[in-house]
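# Results of the structural survey
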Amino acid sequence: MYTLLSGLYKYMFRKDEYCVLILGLDNAGKTTFLEQSKTRFNKNYKAMSFSKITTTVGLNIGTVDVGQARLMFWDLGGQEELQSLWDKRRWSRAKPWVASPSLCWPTSRMLRLACPSPTSRRRSATAPPRSADETA
Ligand SMILES: Nc1nc2c(ncn2[C@@H]2O[C@H](COP(=O)(O)OP(=O)(O)OP(=O)(O)O)[C@@H](O)[C@H]2O)c(=O)[nH]1
Ligand SMILES: [Mg+2]
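Reference entry: report on the structure contained in this document. Just so it is clear, the structure is predicted and the values come from calculations on it, not from any experiment.

Here we take up the overall build of the chain. A count of helices and strands for the chain gives four helices and four strands. Put simply, the chain runs from its N terminus to its C terminus through helices and strands in the order α-β-α-β-β-β-α-α. A buried classification covers 18% of the 136 residues belonging to the chain. Considering only intrachain contacts with a sequence separation of at least 6, the fraction spanning at least 24 residues in the chain is 70%.

Another point: the site of ligand 1. Taken together, the neighbourhood of ligand 1 is formed by 16 residues, with Gly29, Thr31, Thr32, Thr56 and Gly78 sitting nearest. Its residues placed into classes, the shell around ligand 1 shows four nonpolar, 10 polar and two charged.

Right, let's talk about the pairing of strand β2 (residues 59-66) for a bit. Pairing between β2 and strand β3 (residues 69-76): eight bridges, direction antiparallel. Considered in β3, the bridge of Asp65 is made with Arg70. As consecutive antiparallel partners, β2 and β3 are separated by two residues, and within that stretch Gly67 has a phi angle of approximately 55°, a positive value.

Thresholds applied
Residue indices begin from 1 for each chain and proceed along its sequence in written order. Starting at A for chains and at 1 for ligands, labels are handed out in the order in which the entities are written. Given that this is a predicted model, residues contribute local features only at a pLDDT of at least 70 and side-chain atom pairs are listed and counted only at 80 or more, while totals for whole chains, interfaces and linings are drawn from all residues. Helix and strand assignments follow DSSP, with helices taken as H or I runs no shorter than four residues and strands as E runs no shorter than two, numbered in order from the N terminus. Three classes are used. A residue is buried when 20 or more other C-beta atoms lie within 10 Å of its own, exposed when 12 or fewer do, and partly exposed in between, with C-beta atoms placed from the backbone. For every residue pair, C-beta atoms are placed from the backbone, and the pair is scored as a contact if these atoms sit within 7 Å. Using a C-beta atom placed from the backbone for every residue, we mark a residue as near a molecule or strand if that atom lies within 6 Å of it. Polar here means any residue outside two lists: the nonpolar Ala, Val, Leu, Ile, Met, Phe, Trp, Tyr, Cys and Pro, and the charged Asp, Glu, Lys and Arg; Gly therefore counts as polar. In this description, strands pair whenever DSSP reports at least two bridges between them.

Spelled out as structure tokens, the structure:
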């Protein structure tokens, strides 16, 4: 009986999960975007002061819950030495959605774009490539 109720509870309250990769040049505002998103959408998240956000060395991971969706953001450092991490083959399993730096400010519309349809329990959203180079 416990298993049945527990399964029902999980089924009713589980969220669709999406993986979102944020790429952009250094100082584009990727980490600020992630912090703002967490502050805006995660109720008990204590906002980090802008002045404490420093350049990302490696990767930041943050989770944001929006309605029935759970967005897991990967914020990659944009410095030149780290740009080798952008090779999309490294992320092919995740099929990430790539945000343009110019979109890096949290709006609910952008987050809705990141989670188009809650049809599966764990999936990634993929934006169309911006140039022919990216399709190679
Ligand atoms: N005016 C303005 N400044 C911003 C905005 N977003 C970020 N910044 C500032 O830009 C600087 C760099 O922001 P970050 O979020 O660290 O940039 P980043 O893209 O994560 O940089 P890397 O980690 O080096 O790749 C910080 O001083 C931010 O306060 C914005 O929308 N408007
Ligand atoms: Mg950063």
